[in-house]
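Coordinate analysis (summary)
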Amino acid sequence: MPPKPGCYELRFRLAGYEALIPAFGLLFLVVGIVPPESLAPRVFFIAFGGLCILPYVILLGSRPIAFGADHAGITLGPELPTLQFSSVFIPWADIERISLYKRVGLSRQMGKSPGTYIGIVVNDGEPAASFATRRINTWRLDRQRLAAVTAAFAPGVPIVDTSADR
């Protein structure tokens, strides 16, 4: 189904290093299916391979919106490393600014690995909590299209891009 006119919509897909996780899962499944000498390693390899593949199969099959911006606001889709399968909608009236930034180094929070992120800051000056931040890993953000949609529907909302500063 094509997106509505004046809407910027990106669907979930495998891209970058995220595509390696289901590939390794398939490798573990193959190793588990090939008959080793005992049952315990087979069960481990099959279970681990299935756990690596299952979230990707679900998201690839349903093709949810990874990022969307339209006349009503911004939709941030599911985030795989944290196994958060729900989407978050933030209306333009609540958005103070859109931040694009890079996270460098490891984090103790699950799913907060290094990479480029998009964060939505609401009017009270605080991020709208962890659900208003998404890593740009299974989709590619077109900054010009985001700027065009933002200028059309929320001209007072700035886009702060510090991702190229580091």
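A brief report on the enclosed structure follows. (Residues numbered from 1 in each chain as written. Predicted model: local features only at pLDDT ≥ 70, side-chain atom pairs only at ≥ 80, totals over all residues. Heavy atoms only, no water.)

1. Side note on helix α2 (residues 39-62)
The terminal C-alpha atoms of α2, which comprises 24 residues, lie 34 Å apart, in line with the 34 Å expected from a rise of 1.5 Å per residue. By the largest-angle criterion, Ile53 marks the main kink of α2, which is about 30°, and a proline, Pro55, follows within four residues. Along α2, the positions that sit buried rather than exposed are Gly49, Cys52, Ile53, Pro55, Tyr56 and Leu59. Packing partners of the buried residues in α2 comprise α1 (20-33). One or two positions beyond α2, positive phi appears at Arg63, with a value near 45°. (Helix = DSSP H or I, 4+ residues; strand = E, 2+ residues; numbered from the N terminus. Expected span 1.5 Å × (residues − 1). Bend = angle between axes of the 7 residues up to and from the residue. Buried < 20%, exposed > 50% of the residue type's maximum accessible area, 1.4 Å probe, protein only. Contact = heavy atoms within 4.5 Å.)

2. Concerning the sheet that holds strand β5 (residues 95-103)
Strand pairing within a sheet occurs via backbone hydrogen bonds; the two strands may be parallel or antiparallel. Judged by pairing direction, the sheet is mixed, and its 4 strands sit side by side in the order β7-β6-β5-β8 without closing on themselves. At either margin of the open sheet sits one strand with a lone partner, and together these are β7 (133-135) and β8 (159-161). Here the strands of the sheet are splayed against their neighbours by 15° on average, with no regard to which way each runs. Against the sheet, helix α3 (residues 143-153) makes contact with β5, β6 (115-122) and β8, and its axis sits at roughly 155° relative to β8, the strand it touches most. (Pairing = 2+ DSSP bridges. Axes fitted to C-alpha atoms, helices over the stretch in contact; angles between N-to-C directions.)

3. Quick look at the side chain of Arg134
Counting through the fold element by element, Arg134 comes out in strand β7. The exposure class assigned to Arg134 is buried, which follows from its relative accessible area of 1%. Of note is the side chain of Arg134, whose polar atom sits 2.5 Å from the backbone oxygen of Gly77. (Polar contact = N/O pair within 3.5 Å; in protein donor to acceptor, adjacent residues only side chain to side chain.)

4. Structural notes on the packing of aromatic side chains
Tallied over the full model, the rule gives 7 aromatic pairs. Pairing Tyr8 with Phe67 gives two aromatic rings, centres 5.8 Å apart and planes at 65°, and the pair type is edge-to-face. In this pair, Tyr8 is assigned in strand β1 (residues 8-11) and Phe67 in strand β2 (residues 65-69), connecting sequence segments 59 residues apart. Residue class for Phe67 comes out buried when judged on its relative accessible area of 0%. Clustering of aromatic rings is evident, with ring pairs tying together Phe28, Phe44, Phe45 and Phe48. (Phe/Tyr/Trp six-rings, centres within 6.5 Å; stacked < 30°, edge-to-face > 60°.)

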